[in-house]
Amino acid sequence: VMPGVLMIESLAQTGAVYILNQDEFKGKTAYFGGIDQVKFKRMVKPGETIRFEVMMEKIKGPVGISVGSAYVGDEVVCTGKLTFIIK
């Protein structure tokens, strides 16, 4: 079983990889600032493959908000908004 806290961490890591690959943020560090509106749709069972997708909603200065989703196949198993700070 994939714990919810690890799905959130995986979404945060996915967002960090995305944002730190942008030219303006190369060489910086992304810090996880918070989560909001998280919903877990169902349990992820052993043997299932999870796909994580993150879209940047807003970046203003060093603070950004992204929206992430975790999927098993085409089914959404977790969604949420993630706040991050870049230093």
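Before any of the text, the structure's been laid out above.
Residues numbered from 1 in each chain as written. Predicted model: local features only at pLDDT ≥ 70, side-chain atom pairs only at ≥ 80, totals over all residues. Heavy atoms only, no water.

A. How the structure looks around the layout of surface pockets. By volume, the largest pocket is sized at about 190 Å³. Of all the elements in the fold, those that place two or more residues in the lining of the largest pocket are helix 1 (4-20), strand 1 (30-40) and strand 4 (75-86). In the lining of the largest pocket, the residues fall into 10 nonpolar, 4 polar and 1 charged. (1 Å grid on protein atoms, 1.4 Å probe; cavity = no way out; pocket = protein on both sides within 12 Å on 5 of 7 lines; lining within 4 Å. Points joined across faces, edges and corners; volume = space filled by probe spheres on them. Helix = DSSP H or I, 4+ residues; strand = E, 2+ residues; numbered from the N terminus. Nonpolar A, V, L, I, M, F, W, Y, C, P; charged D, E, K, R; others polar.)

B. Representation of the pattern of salt bridges within the structure. Using the criterion set out here, one finds 4 salt bridges in the structure. Its salt-bridge partner being E75, residue R42 comes within 3.0 Å of it at the nearest N-O pair. Within this pair, whereas R42 is found in the loop between strand 1 and strand 2 (50-60), its partner E75 is found in strand 4, the two being separated by 33 residues in sequence. Residue classification places R42 among the partly exposed positions, given a relative accessible area of 23%. Taking the shortest distance from any N to any O, the salt bridge between R51 and E53 comes out at 2.9 Å. Overall, the relative accessible area of 38% leaves E53 in the partly exposed class. Each of R42, E48 and E75 takes part in salt bridges that share partners, so that together they form one network. (Salt bridge = Lys/Arg side-chain N within 4 Å of Asp/Glu carboxyl O. Buried < 20%, exposed > 50% of the residue type's maximum accessible area, 1.4 Å probe, protein only.)

C. Region of the structure containing the pairing of strand 3 (residues 63-72). Summarising burial for strand 3: 7 of the 10 residues are buried, a large majority. Examined bridge by bridge, strand 2 and strand 3 share 10 bridges and lie antiparallel to one another. Across the sheet, the residue bridging to I59 is G64, located in strand 3. Between strand 2 and the antiparallel strand that follows it, strand 3, lie 2 residues; G61 among them carries a positive phi value of about 65°. As paired elements, strand 3 and strand 4 share 10 bridges and run antiparallel to each other. In the sheet register, G64 faces strand 4, and the bridge partner there is F84. The antiparallel hairpin formed by strand 3 and strand 4 contains 2 residues in its connecting segment, where G73 sits at a positive phi of about 65°. (Pairing = 2+ DSSP bridges.)

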